[in-house]
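Now for the letters of each chain:
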Number of protein chains: 2
Amino acid sequence: MKRRNTQAQTDILNVLKATDRALSHEQLQAELEAKVDRATIYRVLNRFCEDGLVHKVMDDDGKQHFAYCAGCDKPNNKHQHNHFHFKCRKCGTVECLQHKVHIPLPEGYVVTDFNGMISGYCKKCAEEQQ
Amino acid sequence: MKRRNTQAQTDILNVLKATDRALSHEQLQAELEAKVDRATIYRVLNRFCEDGLVHKVMDDDGKQHFAYCAGCDKPNNKHQHNHFHFKCRKCGTVECLQHKVHIPLPEGYVVTDFNGMISGYCKKCAEEQQ
DNA sequence: TTATTATTGCGACTTAGTTGCAATAATAAG
DNA sequence: CTTATTATTGCAACTAAGTCGCAATAATAA
Ligand SMILES: [Mn+2]
Ligand SMILES: [Mn+2]
Ligand SMILES: [Zn+2]
Ligand SMILES: [Zn+2]
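Predicted model, so just to flag it, every value in this text is computed and none were measured.

On to the protein's contact with DNA strand C. Taken together, 24 residues lie near DNA strand C, and Thr6(A), Arg43(A), Arg47(A), Tyr42(B) and Gln64(B) sit nearest. Considering the 4 Å shell around the protein, atoms of DNA strand C inside it are sugar or phosphate in 58% of instances. Between a phosphate oxygen of DNA strand C and a side-chain N or O atom of Thr40(A), the distance comes to 3.0 Å. The contact in question runs from a phosphate oxygen of DNA strand C to an N or O atom on the side chain of Asn46(B), over 3.5 Å. Elements represented by at least two residues in the surface near DNA strand C include exactly helix H1 (7–17) and helix H3 (38–50) of chain A together with helix H3 (38–50) of chain B.

Pasting the structure below:
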């Protein structure tokens, strides 16, 4: 399937490019002044993931967040998402952390995906807390 | 609220104690020959999590898995779940890996939870694959 | 200009997990 | 042992996130 250029796609990609955060569907839709259908947003995001333009992270509430691939590893031309994410329980932001991880696996195991998420309170919210 | 001893609870805990894996609701229910209601299973599991008896991990399909706390860190009497998990895309098992991780966070950030999950194929399934 | 087909919008659907409420039963009190 | 208290359970209804089928739209190729 050859990809086509559409407004919805460029709008969504621009929102993602404009931040270093991983956005939930909800957050993304809020940023899109142009009304784009829910299902379309999900389809576009999944296409971006397939194309390696964006990566998806699952938070511990089971909600997916999408981030533009900027700080991702590219060892010998292979794209890897082995970095951690931090989710603030108060303000809800999910940020990509720089820190890369390599976890030793039992012999014979094959890795296809990595999902690392730490939750807590970001500096701002931790201070406001009390 | 003081806890009471019930059959459902001991059954569920026994299933979890008998394995080193993190079980989904579905997998757990399959192990329970005694019919326990879906909602009850979830409530029991969440109670166990509150009590620090069990920990919950989210897989990248947004499905939660529960494991008995055996290999969890206990620095100065504080219970921590900073280990990784491996989920096999074929057989669906989620295992707790020994490997502990400490991720450096920006100053002022406060951690409350850790969720680390690697997906791929376990040795057995990788070999069968082809 | 027309044909091809990727993409969109809409609604219906699925799946995982939660919640309200009345019934049940574990523990404490008498 | 009997009764009272209330944590726990089962059931059904509900929620929320994400997916899917399908007809309409529109980007690209011919
Ligand atoms: Mn990436
Ligand atoms: Mn633990
Ligand atoms: Zn925050
Ligand atoms: Zn396997």
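Structure shown, so let's carry the discussion forward.
By size, the foremost hydrophobic cluster in this structure holds 22 residues, and its most contacted members are Phe84(A) and Phe84(B). Of all the secondary structure elements, the ones that give two or more residues to this core are strand E4 (83–88) and strand E6 (110–121) of chain A together with strand E4 (83–88) and strand E6 (110–121) of chain B.

Before going further, it helps to spend a moment on the pairing of strand E5 (residues 94–100) of chain A. All names here are of chain A. Bridge count for strand E1 (residues 21–24) against E5 is two bridges, and the pairing is antiparallel. Each residue of the ladder has a partner; that of Ala 22, found in E5, is Val 94. Bridging between E4 and E5 involves four bridges; their strand directions are antiparallel. Across the sheet, Lys 87 pairs through a bridge with Val 94, a residue of E5.

To continue, consider H1(A). An α-helical turn contains 3.6 residues, so a residue and the one three or four places further along point in the same direction. Buried within H1(A) we find Ala8(A), Gln9(A), Asp11(A), Ile12(A), Leu13(A), Val15(A) and Leu16(A). Of the surrounding elements, those touching the buried residues of H1(A) are E1, helix H2 (25–31), H3, strand E2 (54–58) and strand E3 (64–68) of chain A.

Right, let's get into the UniProt feature "binding site: Zn(2+)" (unreviewed entry) in chain A. Per the UniProt record, "binding site: Zn(2+)" (unreviewed entry) is found at Cys88(A), Cys91(A), Cys122(A) and Cys125(A). These residues run over 38 residues, yet every pair of their C-alpha atoms falls within 8.2 Å of each other. Within the element layout of this structure, Cys122(A) appears in the loop between E6 and helix H4 (123–129). Contacts of Cys122(A), omitting those with residues within four sequence positions, involve Phe86(A), Cys88(A), Cys91(A), Gly108(B) and Tyr109(B). The exposure class of Cys125(A) is buried, given its relative accessible area of 2%. Apart from residues no more than four positions distant in its own chain, Cys125(A) is found in contact with Cys88(A), Lys90(A) and Cys91(A).

Turning our attention to the relation of the copies chain B and chain A. At an RMSD of 0.0 Å, chain B and chain A line up after a rotation of 180° and a shift of 0.0 Å along the axis. Viewed as a symmetry operation, the transformation between the two copies matches a two-fold axis.

Before going further, it helps to spend a moment on the interface of chain B and chain A. The accessible area lost on association of the parts is a frequent measure of interface size. Every contact between the two is made by 34 residues of chain B and, on the other side, 34 residues of chain A. Of the roughly 2800 Å² buried between chain B and chain A on both sides combined, carbon and sulfur atoms contribute 64%. A per-residue breakdown of the area chain B buries against chain A is headed by Ile103(B), Tyr109(B) and Asn115(B), which together make up 19% of the total. Remark: the boundary between chain B and chain A carries four salt bridges. Residue Lys123(B) is joined to Glu107(A) by a salt bridge in which the shortest nitrogen-to-oxygen separation is 3.1 Å. Here chain B and chain A share 16 residue pairs in polar contact (both at pLDDT 80 or more) between them. Of all the secondary-structure elements, those providing two or more residues to the side of chain B that touches chain A are E4, strand E5 (94–100), E6 and helix H4 (123–129) of chain B. With 12 residues, E6(B) is the largest single contributor of residues to the side of chain B that touches chain A. Looking at side-chain class alone, the side of chain B that touches chain A contains 18 nonpolar, eight polar and eight charged residues.

Calculation criteria
- In this convention, every chain numbers its residues from 1, walking through the sequence in written order.
- The order in which chains are written sets their letters, starting at A; the order in which ligands are written sets their numbers, starting at 1.
- Under the rules for a predicted model, residues below a pLDDT of 70 receive no local features and side-chain atom pairs below 80 are neither given nor counted, while totals for whole chains, interfaces and linings still include all residues.
- Hydrogens and water molecules were not included; the side-chain quantities draw on all heavy atoms of the structure.
- Definition of nearness: a residue and a molecule or strand are near each other if at least one heavy atom of the residue lies within 4 Å of the molecule or strand.
- Throughout this description, a polar contact denotes any pair of N or O atoms lying within 3.5 Å of each other; where both atoms belong to protein, one of them has to be capable of donating a hydrogen while the other can accept it, and for residues adjacent in sequence the pair is counted only when both atoms sit in side chains.
- Runs of E in the DSSP output that reach at least two residues are strands. Runs of H or I that reach at least four are helices, and both are numbered from the N terminus.
- Among the buried residues, those of types Ala, Val, Leu, Ile, Met, Phe, Trp, Tyr and Cys that are joined through side-chain atoms within 4.5 Å form a nonpolar core.
- Any residue under 20% of the maximum accessible area for its type is buried, any over 50% is exposed, and the rest in between are partly exposed; the area is computed with a 1.4 Å probe on protein chains only.
- Should DSSP find at least two bridges between two strands, the strands are regarded as paired.
- Contact definition: two residues touch when any of their heavy atoms are within 4.5 Å.
- UniProt positions are given in the numbering used here, feature names are shortened, and annotations may be inferred rather than shown by experiment.
- Superposing copies: least-squares fit, C-alpha atoms only, residues required to have pLDDT of at least 70 in both.
- Throughout, the accessible surface (probe 1.4 Å) given up by two parts as they are put together, summed over both, is called the buried area.
- Here, a salt bridge means any side-chain nitrogen of Lys or Arg that lies within 4 Å of a carboxyl oxygen of Asp or Glu.
- Any residue that is not Ala, Val, Leu, Ile, Met, Phe, Trp, Tyr, Cys, Pro, Asp, Glu, Lys or Arg is counted as polar, Gly included; the first ten are nonpolar and the last four charged.

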